Amino acid sequence: MTANRFQKAPSFKSARTGFVAAVALAATFTAAFPVLSRAEKSSDASTGVRAKVEAYFTTWQAHDATALAAYFRKNADMLVGNIGTARGRDAIEAWWRSYFARQEAARGITHVVNSLRIISPDVALVDVTTTTGSGPDGASTMRAREARGTWLLTLDDSGWGIAAIWMMPSVRDDVVLGESHELENAGNPGDVPTDLEELVRLYRAAFNSFQPEAVSAFYTADADIIVRNAPAIRGKDAISNWWRVYFSSPRAPADFDLLKVQSLTPDAAIVEVLATGPRTDSKGNAIPARQAHGAWLVVHQSGAWKIAALRVLPGKPDRVIRGEAESRRCVSVNPPCGKGMGLPR
(Lines give C-alpha, C1' and ligand atoms only; values in the text may rest on other atoms or scores of the structure.)
Protein backbone atom coordinates (compact mmCIF):
# COMPACT_ATOMS: atom_id res chain seq x y z
CA MET A 1 0.00 0.00 0.00
CA THR A 2 1.31 3.41 -0.94
CA ALA A 3 1.87 5.73 2.02
CA ASN A 4 -0.05 8.98 2.09
CA ARG A 5 2.40 11.87 1.51
CA PHE A 6 -0.01 14.35 3.13
CA GLN A 7 -0.38 13.16 6.69
CA LYS A 8 -2.61 15.02 9.14
CA ALA A 9 -0.69 17.80 10.89
CA PRO A 10 -0.21 17.34 14.66
CA SER A 11 -1.97 19.69 17.05
CA PHE A 12 -0.04 22.74 18.36
CA LYS A 13 0.10 21.20 21.82
CA SER A 14 1.55 17.89 20.62
CA ALA A 15 3.95 19.72 18.30
CA ARG A 16 5.13 21.94 21.19
CA THR A 17 5.62 18.88 23.41
CA GLY A 18 7.63 17.18 20.67
CA PHE A 19 9.73 20.31 20.17
CA VAL A 20 10.58 20.56 23.88
CA ALA A 21 11.56 16.90 23.94
CA ALA A 22 13.75 17.34 20.87
CA VAL A 23 15.51 20.35 22.43
CA ALA A 24 16.12 18.39 25.65
CA LEU A 25 17.52 15.45 23.66
CA ALA A 26 19.79 17.76 21.63
CA ALA A 27 21.07 19.43 24.79
CA THR A 28 21.85 16.04 26.34
CA PHE A 29 23.66 14.89 23.17
CA THR A 30 25.67 18.12 22.96
CA ALA A 31 26.72 17.85 26.58
CA ALA A 32 27.90 14.28 26.06
CA PHE A 33 29.46 14.90 22.64
CA PRO A 34 30.42 18.59 22.37
CA VAL A 35 30.49 20.03 18.87
CA LEU A 36 34.06 20.83 17.87
CA SER A 37 34.98 24.03 16.12
CA ARG A 38 36.84 23.85 12.81
CA ALA A 39 40.10 24.76 14.59
CA GLU A 40 39.51 22.05 17.21
CA LYS A 41 38.78 19.45 14.52
CA SER A 42 41.93 20.47 12.66
CA SER A 43 43.99 20.25 15.85
CA ASP A 44 42.58 16.81 16.61
CA ALA A 45 43.34 15.63 13.06
CA SER A 46 46.86 17.06 13.26
CA THR A 47 47.48 15.06 16.43
CA GLY A 48 46.34 11.86 14.72
CA VAL A 49 48.47 12.50 11.66
CA ARG A 50 51.58 13.28 13.72
CA ALA A 51 51.05 10.09 15.72
CA LYS A 52 50.90 8.09 12.47
CA VAL A 53 54.10 9.71 11.19
CA GLU A 54 55.92 8.95 14.46
CA ALA A 55 54.74 5.33 14.40
CA TYR A 56 55.88 4.96 10.77
CA PHE A 57 59.43 6.03 11.55
CA THR A 58 59.56 3.84 14.66
CA THR A 59 58.68 0.92 12.39
CA TRP A 60 61.29 2.05 9.85
CA GLN A 61 64.02 1.55 12.48
CA ALA A 62 63.29 -2.20 12.46
CA HIS A 63 63.88 -2.45 8.66
CA ASP A 64 60.63 -4.44 8.44
CA ALA A 65 59.26 -3.98 4.91
CA THR A 66 55.99 -5.80 5.60
CA ALA A 67 55.20 -3.78 8.71
CA LEU A 68 56.14 -0.54 6.94
CA ALA A 69 53.96 -1.31 3.92
CA ALA A 70 50.99 -1.80 6.27
CA TYR A 71 50.90 1.98 6.80
CA PHE A 72 49.97 2.46 3.12
CA ARG A 73 46.56 2.18 1.53
CA LYS A 74 46.13 -0.86 -0.70
CA ASN A 75 46.17 1.32 -3.85
CA ALA A 76 48.84 3.75 -2.61
CA ASP A 77 51.61 5.10 -4.82
CA MET A 78 55.22 5.87 -3.95
CA LEU A 79 57.08 8.11 -6.40
CA VAL A 80 60.84 7.84 -5.88
CA GLY A 81 62.47 10.85 -7.54
CA ASN A 82 63.71 9.90 -11.00
CA ILE A 83 64.35 6.26 -10.03
CA GLY A 84 60.86 4.88 -10.50
CA THR A 85 57.40 4.41 -9.05
CA ALA A 86 55.94 1.69 -6.82
CA ARG A 87 52.19 1.38 -7.28
CA GLY A 88 50.13 -0.55 -4.77
CA ARG A 89 50.95 -1.81 -1.28
CA ASP A 90 52.56 -5.04 -2.54
CA ALA A 91 54.94 -3.15 -4.84
CA ILE A 92 55.76 -0.70 -2.05
CA GLU A 93 56.58 -3.59 0.27
CA ALA A 94 58.86 -5.10 -2.38
CA TRP A 95 60.58 -1.73 -2.87
CA TRP A 96 61.30 -1.35 0.84
CA ARG A 97 62.48 -4.96 1.13
CA SER A 98 65.00 -4.34 -1.65
CA TYR A 99 66.04 -1.04 -0.06
CA PHE A 100 66.61 -2.50 3.41
CA ALA A 101 68.58 -5.41 1.91
CA ARG A 102 71.13 -2.89 0.60
CA GLN A 103 71.44 -0.96 3.87
CA GLU A 104 73.67 -1.49 6.88
CA ALA A 105 71.80 -3.29 9.65
CA ALA A 106 72.56 -0.44 12.06
CA ARG A 107 71.29 2.34 9.77
CA GLY A 108 68.63 4.38 11.52
CA ILE A 109 66.51 7.37 10.60
CA THR A 110 65.52 10.71 12.07
CA HIS A 111 62.88 13.05 10.70
CA VAL A 112 61.59 16.61 10.87
CA VAL A 113 58.01 17.55 9.95
CA ASN A 114 58.42 20.74 7.92
CA SER A 115 54.72 21.39 7.47
CA LEU A 116 51.38 19.71 8.13
CA ARG A 117 48.17 20.84 6.45
CA ILE A 118 44.73 19.44 7.11
CA ILE A 119 43.23 19.77 3.64
CA SER A 120 39.83 18.47 4.76
CA PRO A 121 38.59 16.41 7.74
CA ASP A 122 39.82 13.24 6.02
CA VAL A 123 42.78 14.40 3.91
CA ALA A 124 46.15 15.63 5.21
CA LEU A 125 49.41 16.69 3.55
CA VAL A 126 52.74 16.43 5.36
CA ASP A 127 56.21 17.53 4.24
CA VAL A 128 59.02 15.61 5.93
CA THR A 129 62.81 15.79 5.79
CA THR A 130 64.56 12.57 6.74
CA THR A 131 68.18 11.80 7.57
CA THR A 132 69.45 8.24 7.67
CA GLY A 133 72.72 7.28 9.30
CA SER A 134 73.83 5.99 12.68
CA GLY A 135 71.11 4.23 14.63
CA PRO A 136 69.36 5.74 17.66
CA ASP A 137 71.98 4.28 20.01
CA GLY A 138 74.74 6.12 18.16
CA ALA A 139 76.94 3.03 18.46
CA SER A 140 77.97 3.12 14.80
CA THR A 141 79.03 5.92 12.51
CA MET A 142 78.06 6.01 8.86
CA ARG A 143 77.44 8.62 6.21
CA ALA A 144 74.25 10.58 6.65
CA ARG A 145 71.80 10.76 3.76
CA GLU A 146 69.13 13.43 3.60
CA ALA A 147 65.91 13.30 1.59
CA ARG A 148 62.52 14.99 1.46
CA GLY A 149 59.09 13.49 1.14
CA THR A 150 55.56 14.77 0.69
CA TRP A 151 52.95 12.48 2.23
CA LEU A 152 49.23 12.40 1.47
CA LEU A 153 47.16 10.67 4.14
CA THR A 154 43.47 9.83 4.23
CA LEU A 155 41.20 8.98 7.16
CA ASP A 156 38.79 6.05 7.27
CA ASP A 157 37.37 3.75 9.95
CA SER A 158 40.81 2.19 10.45
CA GLY A 159 42.46 5.56 11.08
CA TRP A 160 44.96 7.58 9.04
CA GLY A 161 46.71 5.77 6.18
CA ILE A 162 49.19 6.83 3.50
CA ALA A 163 47.66 7.28 0.05
CA ALA A 164 50.88 8.51 -1.56
CA ILE A 165 54.46 9.49 -0.83
CA TRP A 166 56.41 11.67 -3.25
CA MET A 167 60.16 11.43 -2.59
CA MET A 168 62.09 14.56 -3.53
CA PRO A 169 65.79 15.50 -3.60
CA SER A 170 67.08 17.41 -0.60
CA VAL A 171 67.99 21.09 -0.79
CA ARG A 172 71.56 19.85 -0.23
CA ASP A 173 71.47 17.93 -3.52
CA ASP A 174 72.19 19.11 -7.04
CA VAL A 175 69.86 18.24 -9.91
CA VAL A 176 71.42 18.31 -13.37
CA LEU A 177 68.66 18.74 -15.92
CA GLY A 178 69.12 16.32 -18.81
CA GLU A 179 67.70 15.77 -22.27
CA SER A 180 67.07 12.46 -23.95
CA HIS A 181 65.32 10.73 -26.85
CA GLU A 182 64.34 7.95 -24.42
CA LEU A 183 61.52 9.44 -22.39
CA GLU A 184 58.92 8.05 -20.05
CA ASN A 185 55.69 7.07 -21.78
CA ALA A 186 52.45 8.34 -20.26
CA GLY A 187 50.55 5.27 -21.41
CA ASN A 188 46.83 4.92 -20.69
CA PRO A 189 45.70 6.72 -17.52
CA GLY A 190 42.52 4.66 -17.43
CA ASP A 191 39.07 6.00 -16.64
CA VAL A 192 39.62 9.68 -15.78
CA PRO A 193 36.84 12.10 -14.80
CA THR A 194 36.29 14.56 -17.63
CA ASP A 195 36.55 17.58 -15.32
CA LEU A 196 40.06 16.54 -14.27
CA GLU A 197 41.03 15.95 -17.89
CA GLU A 198 39.79 19.47 -18.55
CA LEU A 199 41.86 20.79 -15.62
CA VAL A 200 45.07 19.39 -17.14
CA ARG A 201 44.13 20.73 -20.59
CA LEU A 202 43.46 24.21 -19.26
CA TYR A 203 46.65 24.19 -17.19
CA ARG A 204 48.65 23.21 -20.29
CA ALA A 205 47.11 26.13 -22.19
CA ALA A 206 47.88 28.53 -19.35
CA PHE A 207 51.49 27.33 -19.11
CA ASN A 208 52.01 27.66 -22.85
CA SER A 209 50.64 31.20 -22.76
CA PHE A 210 53.74 32.09 -20.67
CA GLN A 211 51.53 34.35 -18.54
CA PRO A 212 52.27 33.96 -14.81
CA GLU A 213 48.84 35.25 -13.81
CA ALA A 214 47.14 32.61 -15.95
CA VAL A 215 49.07 29.79 -14.25
CA SER A 216 48.79 31.22 -10.73
CA ALA A 217 45.00 31.31 -11.03
CA PHE A 218 44.90 27.51 -10.71
CA TYR A 219 46.21 27.47 -7.13
CA THR A 220 44.40 27.69 -3.80
CA ALA A 221 45.24 30.51 -1.40
CA ASP A 222 47.27 28.19 0.87
CA ALA A 223 48.86 26.11 -1.90
CA ASP A 224 52.52 25.16 -1.95
CA ILE A 225 54.94 23.94 -4.60
CA ILE A 226 58.32 22.23 -4.48
CA VAL A 227 60.38 21.97 -7.66
CA ARG A 228 63.02 19.21 -7.52
CA ASN A 229 65.67 20.25 -4.96
CA ALA A 230 64.42 23.83 -4.45
CA PRO A 231 62.99 25.11 -1.15
CA ALA A 232 59.22 24.99 -0.70
CA ILE A 233 57.19 27.95 -1.93
CA ARG A 234 54.14 28.43 0.26
CA GLY A 235 51.07 30.58 -0.36
CA LYS A 236 49.49 31.82 -3.57
CA ASP A 237 51.27 35.20 -3.46
CA ALA A 238 54.69 33.55 -3.23
CA ILE A 239 53.70 31.11 -5.99
CA SER A 240 52.61 33.99 -8.23
CA ASN A 241 55.98 35.69 -7.69
CA TRP A 242 57.79 32.44 -8.48
CA TRP A 243 55.94 32.04 -11.79
CA ARG A 244 56.64 35.68 -12.61
CA VAL A 245 60.36 35.05 -12.24
CA TYR A 246 60.13 31.73 -14.10
CA PHE A 247 58.47 33.26 -17.16
CA SER A 248 60.83 36.27 -17.17
CA SER A 249 63.27 34.02 -19.06
CA PRO A 250 62.48 32.56 -22.50
CA ARG A 251 60.54 29.30 -22.16
CA ALA A 252 59.60 26.57 -24.60
CA PRO A 253 56.08 25.17 -24.78
CA ALA A 254 55.42 21.85 -23.06
CA ASP A 255 53.04 18.94 -23.38
CA PHE A 256 51.21 17.83 -20.25
CA ASP A 257 50.21 14.18 -20.48
CA LEU A 258 47.94 12.72 -17.83
CA LEU A 259 49.60 9.75 -16.11
CA LYS A 260 47.12 8.82 -13.40
CA VAL A 261 44.30 10.08 -11.21
CA GLN A 262 43.70 8.70 -7.72
CA SER A 263 40.48 9.82 -6.07
CA LEU A 264 40.86 10.49 -2.35
CA THR A 265 37.40 11.91 -1.57
CA PRO A 266 34.67 13.42 -3.77
CA ASP A 267 36.45 16.77 -3.37
CA ALA A 268 40.13 15.76 -3.41
CA ALA A 269 42.29 13.80 -5.83
CA ILE A 270 45.88 13.14 -6.83
CA VAL A 271 46.76 13.97 -10.43
CA GLU A 272 50.05 12.83 -11.97
CA VAL A 273 51.28 14.40 -15.19
CA LEU A 274 54.31 14.17 -17.45
CA ALA A 275 55.57 17.54 -18.68
CA THR A 276 57.69 17.17 -21.81
CA GLY A 277 59.53 19.84 -23.76
CA PRO A 278 59.76 20.07 -27.58
CA ARG A 279 60.75 16.79 -29.25
CA THR A 280 61.40 18.26 -32.71
CA ASP A 281 63.22 21.33 -34.00
CA SER A 282 61.86 23.94 -36.39
CA LYS A 283 62.57 21.61 -39.32
CA GLY A 284 60.76 18.67 -37.80
CA ASN A 285 63.88 16.76 -36.85
CA ALA A 286 63.77 14.74 -33.64
CA ILE A 287 65.74 16.30 -30.81
CA PRO A 288 66.40 15.18 -27.22
CA ALA A 289 63.82 16.61 -24.86
CA ARG A 290 63.48 17.45 -21.20
CA GLN A 291 60.86 15.77 -19.08
CA ALA A 292 59.52 16.23 -15.55
CA HIS A 293 57.13 14.18 -13.45
CA GLY A 294 54.47 16.32 -11.82
CA ALA A 295 52.35 15.28 -8.84
CA TRP A 296 49.38 17.47 -7.89
CA LEU A 297 46.94 17.41 -5.00
CA VAL A 298 43.76 19.00 -6.32
CA VAL A 299 40.67 20.03 -4.38
CA HIS A 300 37.22 21.09 -5.50
CA GLN A 301 36.46 24.63 -4.32
CA SER A 302 33.64 26.98 -5.35
CA GLY A 303 32.64 24.78 -8.27
CA ALA A 304 36.13 24.30 -9.74
CA TRP A 305 39.21 22.12 -9.25
CA LYS A 306 42.22 23.93 -7.80
CA ILE A 307 45.80 22.85 -7.09
CA ALA A 308 46.49 22.68 -3.34
CA ALA A 309 49.98 21.24 -3.71
CA LEU A 310 52.29 20.67 -6.68
CA ARG A 311 55.54 18.75 -6.74
CA VAL A 312 57.95 18.56 -9.68
CA LEU A 313 60.10 15.45 -9.42
CA PRO A 314 63.26 14.97 -11.47
CA GLY A 315 62.58 13.42 -14.85
CA LYS A 316 64.12 10.30 -16.34
CA PRO A 317 66.88 12.28 -18.21
CA ASP A 318 67.95 14.16 -15.04
CA ARG A 319 70.77 13.34 -12.63
CA VAL A 320 70.53 13.83 -8.88
CA ILE A 321 73.87 14.36 -7.15
CA ARG A 322 73.69 13.79 -3.42
CA GLY A 323 74.87 16.62 -1.22
CA GLU A 324 78.07 16.74 0.79
CA ALA A 325 76.61 14.51 3.49
CA GLU A 326 76.98 11.58 1.10
CA SER A 327 80.10 12.64 -0.82
CA ARG A 328 77.97 13.79 -3.75
CA ARG A 329 76.87 10.34 -4.87
CA CYS A 330 75.08 10.39 -8.23
CA VAL A 331 71.61 8.92 -8.69
CA SER A 332 70.60 8.46 -12.31
CA VAL A 333 68.73 6.04 -14.54
CA ASN A 334 69.31 7.45 -18.00
CA PRO A 335 71.86 8.75 -18.89
CA PRO A 336 74.22 6.91 -16.55
CA CYS A 337 76.32 8.79 -14.04
CA GLY A 338 79.75 9.72 -15.28
CA LYS A 339 81.52 12.58 -16.99
CA GLY A 340 79.95 15.92 -17.66
CA MET A 341 78.04 16.10 -14.40
CA GLY A 342 78.50 19.84 -14.06
CA LEU A 343 76.13 21.98 -12.01
CA PRO A 344 72.39 22.33 -12.60
CA ARG A 345 71.33 24.94 -15.08
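Here the structure is a predicted model, which is why all the values come from computation and not from measurement.

Novice: When you look at unusual backbone geometry in this model, what are you seeing that I'm missing?
Specialist: Glycine aside, residues mostly have negative phi angles, and peptide bonds mostly take the trans form. Phi angles above zero are rare outside glycine, and His63 is one such case at about 55 degrees. Overall, His63 belongs to the buried group, its relative accessible area being 18%. A positive phi angle, near 60 degrees, is found at Phe210, a position not held by glycine. Looking at where Phe210 falls in the secondary structure, it is placed in the loop between α5 (194-207) and α6 (212-216).

Novice: Looking at this structure, how should I read the pairing of strand β8 (residues 219-227)?
Specialist: Across a regular strand the side chains alternate sides, sitting on one face of the sheet and then on the other. With seven of its nine residues buried, β8 lies for the most part within the structure. Summarising the sheet, β8 and strand β13 (residues 304-313) pair through five bridges and their orientation is parallel. When the bridges of β13 are listed, Ile226 appears paired with Arg311. Across two bridges, β8 lies against strand β9 (residues 233-234) in antiparallel orientation. Note that in β9 the partner of Asp224 across the bridge is Arg234. The turn linking β8 back onto β9 is made up of five residues, and Arg228 within it adopts a positive phi angle of 50 degrees.

Novice: Just checking my understanding: could you explain the nonpolar core for this structure?
Specialist: Where a protein is soluble and globular, its nonpolar side chains tend to be buried together. Core analysis: the biggest nonpolar cluster contains 31 residues, and Tyr203, Tyr219, Trp296 and Val298 have the highest contact counts within it. For this core, the secondary structure elements donating two or more residues are α5, β8, α7 (236-246), β10 (255-265), β11 (268-276), β12 (291-301) and β13. Dropping the residues within four chain positions of it, Tyr203 is found in contact with Val215, Phe218, Tyr219, Trp243, Phe256, Trp296, Ile307 and Leu310. The next biggest cluster of nonpolar side chains, apart from the first, holds 29 residues, and it includes Tyr56, Ala86, Ala124 and Leu153.

Novice: How do you make sense of the environment of Leu313 when you look at a structure like this?
Specialist: Relative to the elements of secondary structure, Leu313 occurs in strand β13. Residue classification places Leu313 among the buried positions, given a relative accessible area of 0%. Sequence spacing of Leu313 and Asn229 is 84 residues, and the spatial spacing of their C-alpha atoms is 8.6 Å. Once residues within four sequence positions are removed from consideration, Leu313 is found in contact with Leu79, Gly81, Met167, Met168, Arg228, Ala292, His293 and Ala295.

Procedures and definitions
- Residues numbered from 1 in each chain as written.
- Predicted model: local features only at pLDDT ≥ 70, side-chain atom pairs only at ≥ 80, totals over all residues.
- Heavy atoms only, no water.
- Buried < 20%, exposed > 50% of the residue type's maximum accessible area, 1.4 Å probe, protein only.
- Helix = DSSP H or I, 4+ residues; strand = E, 2+ residues; numbered from the N terminus.
- Pairing = 2+ DSSP bridges.
- Core = buried A, V, L, I, M, F, W, Y, C linked by side-chain atoms within 4.5 Å.
- Contact = heavy atoms within 4.5 Å.

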